[in-house]
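# Working through the structure, step by step
Listed below, chain by chain, are the residues.
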Amino acid sequence: MKVGDLVYLKPKSTKHADEDFIGLVIHKEQVGSGKTGSTILYDVMLTETNELITISDVYFKIWRVE
């Protein structure tokens, strides 16, 4: 994913497994060293509420809208 992509977001937790969101990637940043593990943080503006949230690929499945 890159800045400007429209994405689907789905929580990985089973508690919220039936919820999914659509948003626009505003900023992307990799944190952590690649040797011991790293994650990518995404700043995403949700389309339904116009909220800007920061999410991680650890807790969300993220894929691009084609």
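Provided above is the structure to which this section pertains.
Read on for a plain summary of the structure. On a predicted model such as this, the values are computed, not experimentally measured, just so you know.

On the surface, a cluster of negative charge is contributed by Asp18, Glu19, Asp20 and Glu48. Following the sequence through the fold, aspartate 20 ends up in the loop between strand S1 (6-11) and strand S2 (21-31).

Judged by pairing direction, the sheet is antiparallel, and its five strands sit side by side in the order S4-S3-S2-S1-S5 without closing on themselves. Only two strands of the sheet have a single neighbouring strand rather than two, namely strand S4 (52-56) and strand S5 (60-64). Taking each pair of neighbouring strands and ignoring which way they run, the sheet shows an average axis angle of 40°. Across five bridges, S1 lies against S5 in antiparallel orientation. If you follow proline 11 over to S5, its bridge partner there is phenylalanine 60.

Take the packing of aromatic side chains next. Counting across every chain of the model gives one aromatic pair. Geometrically, the ring pair formed by tyrosine 8 and tryptophan 63 is tilted, given 5.5 Å between the ring centres and 35° between the ring planes. With tyrosine 8 in strand S1 and tryptophan 63 in strand S5, this residue pair connects regions lying 55 residues apart in the sequence. The class of tyrosine 8 is partly exposed, set by a relative accessible area of 29%. Under the relative-accessibility criterion, tryptophan 63 is labelled partly exposed at 39%.

Moving on: unusual backbone geometry. Not every positive phi belongs to a glycine, and asparagine 50 is a case in point at roughly 60°. Positionally, asparagine 50 belongs in the loop between strand S3 (39-46) and S4. We classify asparagine 50 as exposed; its relative accessible area is 57%.

Let us look at the pairing of S1. Residues of S1 alternate between two faces, with Val7, Leu9 and Pro11 buried on one and Leu6, Tyr8 and Lys10 left unburied on the opposite face. Sheet topology note: the S1/S2 ladder contains four bridges and is antiparallel. Note on S2: the bridge partner recorded for tyrosine 8 is isoleucine 22.

Cut-offs and rules
- Residues numbered from 1 in each chain as written.
- Predicted model: local features only at pLDDT ≥ 70, side-chain atom pairs only at ≥ 80, totals over all residues.
- Heavy atoms only, no water.
- Patch = residues over 30% accessible without salt bridge, like charges linked within 9 Å, V, L, I, M, F, W, Y side chains within 5 Å.
- Areas by Shrake-Rupley, 256 points an atom, 1.4 Å probe, with all protein chains shown as cover.
- Salt bridge = Lys/Arg side-chain N within 4 Å of Asp/Glu carboxyl O.
- Lys, Arg positive; Asp, Glu negative; His and termini not counted.
- Charge placed at Lys NZ, Arg CZ, Asp CG, Glu CD.
- Helix = DSSP H or I, 4+ residues; strand = E, 2+ residues; numbered from the N terminus.
- Pairing = 2+ DSSP bridges.
- Axes fitted to C-alpha atoms, helices over the stretch in contact; angles between N-to-C directions.
- Phe/Tyr/Trp six-rings, centres within 6.5 Å; stacked < 30°, edge-to-face > 60°.
- Buried < 20%, exposed > 50% of the residue type's maximum accessible area, 1.4 Å probe, protein only.

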